[in-house]
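If you want the building blocks of each chain, they are given just below.
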Amino acid sequence: MKVAARITRVLSGDSPVALIHATTAQGHDIKIEVATESLDSRAVPGDILLVEWVIFQNFDTPTTEP
């Protein structure tokens, strides 16, 4: 699945980890932590974050009913 979201804030500082907070057009929040060194220092609120993910079932782990 691919989702585009507008960045609302970027928190970075002395930490080796930065937080990117973005909101989709449907109002869903996406928050990810990335290595500060991999963050483009030009990323600012208003930029677009494109996230793509896939979920795989792990057949090595027994499932339990909720």
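Our structure's up above, just so we're on the same page.
Residues numbered from 1 in each chain as written. Predicted model: local features only at pLDDT ≥ 70, side-chain atom pairs only at ≥ 80, totals over all residues. Heavy atoms only, no water.

Draft legend 1. Representation of the side chain of H21. Here H21 is to be found in strand β2 (residues 17–23). With relative accessibility at 12%, the residue H21 sits in the buried group. (Helix = DSSP H or I, 4+ residues; strand = E, 2+ residues; numbered from the N terminus. Buried < 20%, exposed > 50% of the residue type's maximum accessible area, 1.4 Å probe, protein only.)

Draft legend 2. The pairing of β2, seen in detail. When you tally the buried positions in β2, you get five out of seven residues, the bulk of the element. Where strand β1 (residues 2–11) lies against β2, five bridges are found, and the strand directions are antiparallel. The residue bridging V10 from the neighbouring strand is I20, located in β2. Linkage of β1 to β2, two consecutive antiparallel strands, is achieved through a turn of five residues. Relative to strand β3 (residues 29–35), β2 runs antiparallel, the two sharing seven bridges. Paired with V17 across the two strands is A35, which belongs to β3. The antiparallel pairing of β2 with β3 creates a hairpin that spans five residues between the two strands, and G27 there sits at a positive phi of about 90 degrees. (Pairing = 2+ DSSP bridges.)

Draft legend 3. Just a nonpolar patch on the surface, in detail. On the surface, M1, W53 and I55 cluster together into a nonpolar patch covering about 390 Å² of accessible area. Along the chain, W53 turns up in the segment after β4 (48–52). (Patch = residues over 30% accessible without salt bridge, like charges linked within 9 Å, V, L, I, M, F, W, Y side chains within 5 Å. Areas by Shrake-Rupley, 256 points an atom, 1.4 Å probe, with all protein chains shown as cover. Salt bridge = Lys/Arg side-chain N within 4 Å of Asp/Glu carboxyl O.)

Draft legend 4. View of the sheet that holds β1. The strand order β3-β2-β1-β4 describes an open sheet built from four strands, whose pairing is antiparallel. In this open sheet, the two edge strands, each paired with only one partner strand, are β3 and β4. Direction aside, the axes of adjacent strands within the sheet are offset by 40 degrees on average. (Axes fitted to C-alpha atoms, helices over the stretch in contact; angles between N-to-C directions.)

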